Amino acid sequence: MFSIPEQFSNATKANFEAQFAIFSALTNKAFEGVEKLVDLNLTAAKASLEETSNTAKQLLSAKDPQEFFALASAQAQPNAEKTLAYSRHLATIASSTGAEFSKAAETQIAETNRKVISLVEEVSKNAPAGSENAIALFKSAIGNANAGYEQMTRTAKQAAESIETNLNQAVSQFTAAAAKAAPVRA
């Protein structure tokens, strides 16, 4: 049987380790998202540089202004499609990183809550007589904190879903506008 101060000391150590685990997991997920974003941007920059070079060569080889403008306008549709593909890929990275971030946080926080509840149960078994009200108050506070966390999690998920929906709508609107603006190929 452990003494109450020793139990709290162990709980404090476990809480610190859990907070470090949460921080490490979230940091790893954030770096993975940034890594994907950097890779996407490098790939897009390389492709853009190559395409710009090819387009410039084509435009410089134009025999007259009419051919020049025909070549330039022919680039509008492929450029719009590439921009849409980039936007979709960016939205996918943001969405998956957010989902992974939330999942890692939820897992770590659930484990921490489990440990705190276990500690409270153990302490309440060994509590001195007359401390029932204090233990009940502490359990109530933990229950209220958990309820608040669950509400915050639901709200954060709703906000993330709303952002994703708005981003998808923006991409769809851009797609429609690009399709109307691009010349029809014969």
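Here is what the cut-offs are and how they apply
Sequence order as written defines residue numbering, which begins from 1 separately in each chain. Given that the model is predicted, a residue must reach a pLDDT of at least 70 before its local features are reported, and side-chain atom pairs must reach 80 or more before they are shown or counted; all residues, however, enter totals for whole chains, interfaces and linings. Excluded from the side-chain calculations are hydrogens and water; all other atoms, namely the structure's heavy atoms, are used. A helix here means a DSSP run of H or I that spans at least four residues, while a strand means a run of E at least two residues long, and both kinds are numbered starting from the N terminus. Each radius of gyration reported is based on C-alpha atoms, and the globular scaling rule is 2.2 Å times the count of residues to the power 0.38. We call a residue buried when its accessible area falls under 20% of the maximum for its residue type, exposed when it is over 50%, and partly exposed in between, using a 1.4 Å probe and counting protein chains only. With residues, only the protein chains shown are counted as cover, and all accessible areas are computed by Shrake-Rupley using a 1.4 Å probe. All tallies of charge rest on Lys and Arg as positive and Asp and Glu as negative; His and the ends of each chain are not included. For charged residues, the charge sits on one atom: NZ in Lys, CZ in Arg, CG in Asp, CD in Glu. Across the chain, each position has a pLDDT score giving the predictor's confidence in that residue, from 0 to 100. The term salt bridge refers to a pairing of a side-chain nitrogen on Lys or Arg with a carboxyl oxygen on Asp or Glu at a separation within 4 Å. Within 6.5 Å between ring centres, the rings of Phe, Tyr and Trp (the latter by its six-membered ring) count as paired, and their orientation is classed by plane angle as stacked under 30 degrees, edge-to-face over 60, tilted in between. By definition in these notes, contact holds between two residues if any of their heavy atoms fall within 4.5 Å. Patches here: salt-bridge-free residues with over 30% relative accessible area, like charges joined within 9 Å, nonpolar side chains (Val, Leu, Ile, Met, Phe, Trp, Tyr) joined within 5 Å. Interaxial angle, 0 to 180 degrees, is taken between N-to-C directions of lines fitted to C-alpha atoms, where a helix line uses only the stretch in contact. Oblique is the label for any angle not under 35 degrees, not over 145, and not in the 65 to 115 range, which are roughly parallel, roughly antiparallel and roughly perpendicular in turn. Any residue outside Ala, Val, Leu, Ile, Met, Phe, Trp, Tyr, Cys, Pro, Asp, Glu, Lys and Arg is labelled polar, Gly included; the first ten of those are nonpolar and the last four are charged. By nonpolar core is meant a set of buried Ala, Val, Leu, Ile, Met, Phe, Trp, Tyr and Cys residues that side-chain atoms within 4.5 Å join together.

### What about the overall build of the protein chain?
No. 1: Helix and strand content of the protein chain: 4 helices and 0 strands.
No. 2: Taken from the N to the C terminus, the helices and strands of the protein chain come in the order α-α-α-α.
No. 3: The globule rule puts the C-alpha radius of gyration for 186 residues at 16 Å, and the 28 Å found for the protein chain is more than 25% above it.
No. 4: A burial count over the protein chain gives 16% of its 186 residues as buried.
No. 5: Here the protein chain has roughly 13,300 Å² of accessible surface; of this, 63% comes from carbon and sulfur atoms.
No. 6: The centroid of the 17 positive side-chain charges in the protein chain is displaced by 4 Å from the centroid of its 19 negative side-chain charges.

### Section: the environment of E67
No. 1: For E67, the location among the structural elements is in helix α2 (residues 65-74).
No. 2: Taking the relative accessible area as the measure of exposure, E67 reaches 32% and is therefore partly exposed.

### Remarks on the confidence of the model for the protein chain
No. 1: Looking at the protein chain, pLDDT values average 79 and 92% of them are 70 or higher.
No. 2: For the protein chain, the element scoring lowest by mean pLDDT is helix α4 (residues 132-181), at 76; α2 scores highest, at 86.

### Regarding the pattern of salt bridges
No. 1: For the structure shown, the criterion picks out 3 salt bridges.
No. 2: Here E32 makes a salt bridge to K29, at a shortest N to O gap of 3.9 Å. Taken together, the residues E32 and K29, both in helix α1 (residues 4-60) and 3 residues apart, mark about one turn of the helix.
No. 3: The partner of K82 in a salt bridge is E51, with the nearest N and O atoms 3.2 Å apart. Here E51 lies in helix α1 and K82 lies in helix α3 (residues 76-126), a separation of 31 residues in the sequence.
No. 4: We classify K82 as partly exposed; its relative accessible area is 38%.
No. 5: Owing to a relative accessible area of 28%, E51 belongs among the partly exposed residues under this scheme.

### Thoughts on the packing of aromatic side chains
No. 1: Following the criterion strictly, the structure yields 1 aromatic pair and no others.
No. 2: Relative to F69, the ring of F68 lies with its centre 5.4 Å away and its plane at 85°, an arrangement referred to as edge-to-face.
No. 3: For F68, a relative accessible area of 32% gives the class partly exposed.

### Concerning the environment of E106
No. 1: By the element assignment, E106 lies in helix α3.
No. 2: The class of E106 is partly exposed, set by a relative accessible area of 27%.
No. 3: Note: C-alpha distance between E106 and T153 (47 residues apart in sequence) is 8.4 Å.
No. 4: Excluding its chain neighbours within four sequence positions, the residues that come into contact with E106 are Y149, T153 and K157.

### Examining a nonpolar patch on the surface
No. 1: Among the surface-exposed residues, V34, V38 and L42 lie close enough to one another that they form a single nonpolar patch of about 260 Å² accessible area.
No. 2: Structurally, V34 is set in helix α1.

### Some thoughts on the packing of α2 against α3
No. 1: Put simply, α2 and α3 touch, their axes get as near as 4 Å, and they point 20° apart. The pairing of α2 with α3 is recorded here as roughly parallel in orientation. Facing α2, whose interface residues are A72, S73 and A74, α3 presents A76, Q77 and P78.
No. 2: Tallied by class, the residues present in the contact of α2 with α3 amount to 4 nonpolar, 2 polar and no charged.

### With respect to the nonpolar core
No. 1: With 5 residues, the main nonpolar core is built from I22, A25, L26, A104 and A105.
No. 2: Where this core is concerned, the elements lending two or more residues are α1 and α3.
No. 3: In terms of residues, this core owes the most to one element, α1, which gives 3 residues.

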